[in-house]
Amino acid sequence: MAALSGGGPPVPSVRIGPIDLAARVDEALAVQAVAFGLGPEEIEVRRHIVLRHLDHPCARALGATTADERLVGFVYGMPNERGQWWSTVVEPYLRATGSVHWLDDSFVITELHVLPLFQNRGIGRTLITTITDAVDQPRSILSAIDTDSPARGLYRSLGYQDLARQVLFPSAPMPYAVMGAPLPLRRRGRDSETTDFRPPAPPG
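Residues numbered from 1 in each chain as written. Predicted model: local features only at pLDDT ≥ 70, side-chain atom pairs only at ≥ 80, totals over all residues. Heavy atoms only, no water.

(A) Here's a closer look at the nonpolar core. In terms of nonpolar packing, the biggest core is built from 41 residues, with Leu21, Ile109, Ile128 and Tyr160 touching the most fellow members. A per-element tally of this core places strand β4 (residues 71-79) first, with six residues. Ignoring any residue separated from it by four or fewer positions in sequence, one finds Ile128 in contact with Ile109, Leu112, Leu142, Tyr155, Leu158, Tyr160 and Leu185. Counting residues in each nonpolar core, the second largest holds 15 residues, with Trp86, Leu94, Ala164 and Val178 among its members. (Core = buried A, V, L, I, M, F, W, Y, C linked by side-chain atoms within 4.5 Å. Buried < 20%, exposed > 50% of the residue type's maximum accessible area, 1.4 Å probe, protein only. Helix = DSSP H or I, 4+ residues; strand = E, 2+ residues; numbered from the N terminus. Contact = heavy atoms within 4.5 Å.)

As structure tokens, then:
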């Protein structure tokens, strides 16, 4: 379990480690609501989605908690399967860019959120690197709103590169980008250049 304090104005230090996300789903959605700007109806829809995802036998979840056990950030994901809803939506976009093979043998980062007060302290970076370090898949994929956001900057710094852009999910108000990275993810000060990134070719 990692302990983080970070720089900036004083805030409680946090610890990062495994959590029972199904048991703490309402806390996690409260974090997501603040970090992602969700309304009550969206939260209820996402609650059912999260609980369904966590039924997957290989789903993994980590939380960032303060000393009094307040949840201030979380990440969860699972090995990708072609039949999953997310995978079926992004598949034609990845096929169009020649990147559809990324859907195989990949670990999907389904959600990653940190409360604004605790952002820019390495918590999100530690959550995503810790969860992917423990998986068997050789690469990771995720989707993020297709804007030049701090989240996209974080993902790029970790080695994620765009596989497809302007991906439209049903009912989502903004387009997304699908990003992929080989594992293990890049660390600070190591392999910092991204210009030589090449998506691995499909087998055969």
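(B) Here's a closer look at the packing of aromatic side chains. The full count for this structure, using the stated rule, is three aromatic pairs. With a centroid separation of 5.2 Å and an interplanar angle of 85 degrees, the aromatic rings of Phe169 and Tyr176 are classed as edge-to-face. The two residues Phe169 and Tyr176 agree in class, both being buried. Taken together, Trp85, Phe169 and Tyr176 form an aromatic cluster joined through their ring pairs. (Phe/Tyr/Trp six-rings, centres within 6.5 Å; stacked < 30°, edge-to-face > 60°.)

(C) Main features of the pattern of salt bridges. Applying the stated rule across the entire model yields 12 salt bridges. Here Arg152 and Asp162 are joined by a salt bridge, their closest N and O atoms 2.5 Å apart. Of this pair, Arg152 sits in helix α5 (residues 150-157) while Asp162 sits in strand β7 (residues 161-167), and the two are 10 residues apart along the sequence. Under the relative-accessibility criterion, Arg152 is labelled buried at 0%. Linked through salt bridges whose partners overlap, the residues forming this network are Arg82, Glu91, Arg95 and Asp104. (Salt bridge = Lys/Arg side-chain N within 4 Å of Asp/Glu carboxyl O.)

(D) Looking closely at α5. Of the residues making up α5, those classed as buried are Arg152, Leu154 and Tyr155. What you see down the axis of α5 is that its buried residues fit within an arc of 155 degrees, all on one side. Looking at the buried positions of α5, the neighbouring elements they touch are β5 (106-114), α4 (123-133), β6 (139-145), β7 and β8 (176-182). Remark: Gly159 follows α5 within two positions and exhibits a positive phi of approximately 110 degrees. (Arc of directions from axis to C-beta.)

(E) The confidence of the model for the protein, seen in detail. The share of residues in the protein with pLDDT of 70 or more is 87%, and the mean pLDDT across the chain is 89. The low-confidence segment residues 190-204 (pLDDT under 50) makes 19 contacts with residues lying over four places distant or belonging to another chain. (pLDDT = per-residue confidence, 0-100.)

(F) Up close: the pairing of β6. With five of seven residues buried, β6 is to be regarded as a mostly interior element. By the bridge criterion, three bridges tie β5 to β6 in an arrangement that is parallel. Residue pairing for β6: Phe107 is matched across the bridge by Ser140. Between β5 and its parallel partner β6, the chain crosses via α4, and the hand of that crossover is right-handed. (Pairing = 2+ DSSP bridges. Right-handed = clockwise from strand over helix to strand, strands pointing away.)

(G) Structural view of the environment of Ile128. Of note, Ile128 is situated in helix α4. In this structure Ile128 comes out as buried when scored by relative accessible area, which is 0%.

(H) Inspection of the side chain of Ser99 at higher detail. If you trace the backbone, Ser99 turns up in the loop between α3 (85-96) and β5. Of the polar contacts made by the side chain of Ser99, one reaches the side chain of Thr97; its length is 3.3 Å. (Polar contact = N/O pair within 3.5 Å; in protein donor to acceptor, adjacent residues only side chain to side chain.)

(I) View of the pairing of β8. The buried fraction of β8 is high, at six of seven residues. Where β6 and β8 come together, seven bridges link them in antiparallel fashion. Among the inter-strand pairings, Ser140 is bridged to a residue of β8, identified as Ala181.

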